[in-house]
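Descriptive analysis of the structure
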Amino acid sequence: MSSNPFAPLNGATGPKPSKAAPPADFLSVMPVPKDAPALLKRHPSHGEPVHRWPYLDASGELLGYACRFVREDGSKTYQPLTLFRETASGALRWKWKGWAEPRPLYGLDRLAARPGAPVILCEGEKAADAAGDLAPAYVAVTSPNGSKSAGKADWSVLRGRRVVIWPDADAPGLAYASAAAALILAAGAASVAQIEPPAGAVEGWDAADALAEGWAQDRALSLVAGALPIGRAETPKPAPTLSLTALPAADDAGKRGPGRPPWHDTLLALTAGFELWHTPKKMTFASILMPEGHRENWRLSSEAFARHISLKAFEDTGRVPSEAALKETVRILEAKAIAYGPCRKEWLRVGQRNGNLYLDLGCDRWRAVEVTPRGVRILESHDLPFVRPEGMQPLPDPEFGSERGIDELRPFVNVSSEADFHLIVAWVLGAMRDAEEYPLLILNGEQGTGKSTLSRLLRSIVDPHAIDILSPPKEDRDLFVLAQHTHLVALDNLSKVENWMSDSLCILATGGALASRSMYTNDGLSILEAKRPVILNGIPTLADRPDLAQRSITVRLRPVPDEERTTSADIRRAWTDAAPRILGTFLEALSTGLREVDGIKLDKLPRMAGFARFMVAAAPGLGLDGPALYEAYSANQADLANTAFENNPVASAVVKFMDGLSGDDWRGPATELLECLSDPEVTTERTRNSFGWPKTSQMLGTHMVRIAPALRARGIDAQQRKSGKMFWELRKT
């Protein structure tokens, strides 16, 4: 066989004949070719099978079947059905014969699809399917031909895997488990453990019985988590003669003593059951199956991971490892995670897989919400790569089927128009998913309009955090560092948006990275990558620059009349009651959006086209009209563009200059254009002396490139061209 355990079987017979091997004039054929004859309908002795389980290779190609029959007396029997080629004629024939040894496992396709997942081994295909339903975080497999054939299976595909054996609760089942465990360990499995059947289990009880009895996933996972580890058998060695004076003394600091292994050996043994993986940026994580039955993903370099393995070491040995031992162990685990672990993109609060959306509820049990085009469900256990930086807080448990729908949010949003309320709803919906782009939400209003309160409430329904809103950062690096630790960035009480911040916010809206030299290095590169929804609030207009305006939704909050004012405690109490239903309504709308988005066609795509399409698709799930919502979004964009244009002194000067031309176009270098725009009849002295006015031709060129889209919308095409020298061409359209 191939050295690759997941390589499709090539149809060659095994090197050793076995009792199940066909006669010499027939050769086993695997995988089954497309021109194979029709399956045999009946067995000559047992009749028609009541069930067939297909065996597939790593690429999903068919290898054969395991068939179950029910005899006349009601007893069951099993027979394999595999394909052979007659050596004399080359004809293909199905035969009631087993595969040549070593025989393939049932579930090779699932093993290949999830190379880092732990494995459950059952006795029989029916039990394996049931275990897969009860413990979806695991890959369930079995070997063919019953409990006495463990030695004839190919266990090499489990090399490096963490395996839990779920045996039948009878003597043959325990014998199969014992034989399989030894073979799996010999094949190089990372660890093997065996489930103890629950008290009161009947003779022969297995995973299929648990499923038939109505076991929930959390109950099954608790049973799996309690599996007892099986160690490798060691060859007895003669005891060496020890000189007590030559041994280091043991002490409470974790130093070695007589018969005591090095700390890193102890710690590595305690972490053998962890699934190690890394991200594209080489951050390393461990997925840990907790006693409660769920999985948690911890960064190996985190203090939380160090605390966890310190506690495990103390519980196992009664001693506390030293800091040096912890660091040494973490370095080894990080190297293994990068060298041998799968590469995955980590998820922060939201993620997507196979067209479905996922939301981390942030609770202690690591539950998540799965949103599909068919509906919404809560996952009690999963293998999703969610990570949790310090400060992440839990979302409320969503409640579905609210009669009031999104209207429950209305009392908490202090806007004067329904259009602004609907735009806030659309923004929240976009922020709840792993999207290609996130428009900024800018809350404007005078003092006392509840800007900070609304920012906190909106954040709490998308990505609650211990620090809900922050003052603006001092530099772009601080902003990107903040984005590494939270899905939603909320900045409070801005008086203006500096140019560097405007550029950084544009990057966060559509995704990008900030690179800088790593600290304490000469040539190390530190890359901070992020794409995040952002809330800004402040009294003045904040989207002054056209590129930021194109990526923003701005709503203005109305003053709160004295008779409508309430206390913060009353707002929190009402929000705590309504938030679960509001969250459930948004999640149901996400499902509607997934179902309808492919059929949405917009006449004119705005800058944030993906957001706009999904907003229109999900609108019916919120009881809103999609086209009307799109019109409100387009009007908001137009207003922002006009405001940004009017606040830009260069844009206003270009329009005034072109209006004063006798012809329809103008050409000249940037220095000449700056002189024309600085003419007192075009621009006032106060404007020319202001901070926003370009003082050099280079600065003017930067301004012109930035405002070119806004000028085109006003009927002026501005292009920088080169004919020997660079020059600008302005033309009325």
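Here the structure is shown first, and the text comes after it.
Below: a short report on this structure.

Rules used in this analysis
Residues numbered from 1 in each chain as written. Predicted model: local features only at pLDDT ≥ 70, side-chain atom pairs only at ≥ 80, totals over all residues. Heavy atoms only, no water. Helix = DSSP H or I, 4+ residues; strand = E, 2+ residues; numbered from the N terminus. Buried < 20%, exposed > 50% of the residue type's maximum accessible area, 1.4 Å probe, protein only. Contact = heavy atoms within 4.5 Å. Areas by Shrake-Rupley, 256 points an atom, 1.4 Å probe, with all protein chains shown as cover. Core = buried A, V, L, I, M, F, W, Y, C linked by side-chain atoms within 4.5 Å. Patch = residues over 30% accessible without salt bridge, like charges linked within 9 Å, V, L, I, M, F, W, Y side chains within 5 Å. Salt bridge = Lys/Arg side-chain N within 4 Å of Asp/Glu carboxyl O. Pairing = 2+ DSSP bridges. Axes fitted to C-alpha atoms, helices over the stretch in contact; angles between N-to-C directions.

Moving on, we get to the overall build of the protein. Secondary structure assignment for the protein yields 20 helices and 26 strands. Referenced to the eigenvectors of the C-alpha coordinate spread, the extents of the protein come out at roughly 100 × 75 × 70 Å. The proportion of buried residues among the 733 residues of the protein is 48%. Here the contacts in the protein between residues at least 6 apart in sequence split such that 67% fall between residues at least 24 apart. Accessible area for the protein stands at about 35,600 Å²; split by element, carbon and sulfur atoms hold 51% of it.

Turning our attention to the nonpolar core. The biggest cluster of nonpolar side chains holds 91 residues, and the ones touching the most others in it are Leu409, Ile424, Ile461, Leu505, Leu536, Phe586 and Met615. Residue contacts for isoleucine 424: discarding those within four places in its chain leaves Val413, Val415, Leu441, Leu443, Leu454, Leu458 and Val555. Ala137, Leu223, Val224 and Ala227 belong to the second largest nonpolar core, which has 57 residues in total.

Another point: a nonpolar patch on the surface. There is a patch of nonpolar side chains on the surface, built from Leu311, Phe314 and Val320 and spanning about 280 Å² of accessible area. As for its placement among the helices and strands, phenylalanine 314 is situated in helix α7 (residues 303-317). Take phenylalanine 314: its relative accessible area is 44%, and that puts it in the partly exposed class.

What follows covers the pairing of strand β26 (residues 725-732). As judged from the four bridges shared by strand β24 (residues 665-668) and β26, these two strands associate in the antiparallel manner. Paired with glycine 668 across the two strands is tryptophan 728, which belongs to β26. The pairing of strand β25 (residues 716-723) with β26 spans eight bridges and is classified as antiparallel. Considered in β26, the bridge of aspartate 717 is made with arginine 731. Connecting β25 to the next strand, β26, in antiparallel fashion are one residue, including glycine 724 with a positive phi near 85°.

Let's shift gears to the sheet that holds β25. Here three strands make up an open sheet; going across it, the order is β24-β26-β25 and the pairing antiparallel. The open sheet has two free edges, formed respectively by β24 and β25, since each of these has just one partner strand. Going across the sheet, the axis of each strand differs from the next one's by a mean of 15°, ignoring polarity. Contacts between helix α17 (residues 649-659) and the sheet are confined to β24, β25 and β26, with β26 contributing the most and set at about 70° to the helix.

Moving on to the pattern of salt bridges. In this structure the tally under the stated criterion is 29 salt bridges. When the shortest N-O distance is used, the salt bridge between glutamate 275 and arginine 344 registers 2.4 Å. With glutamate 275 in strand β11 (residues 275-278) and arginine 344 in the loop between α8 (323-340) and β14 (350-353), this residue pair connects regions lying 69 residues apart in the sequence. Here glutamate 275 falls in the buried class, since its relative accessible area comes to 4%.

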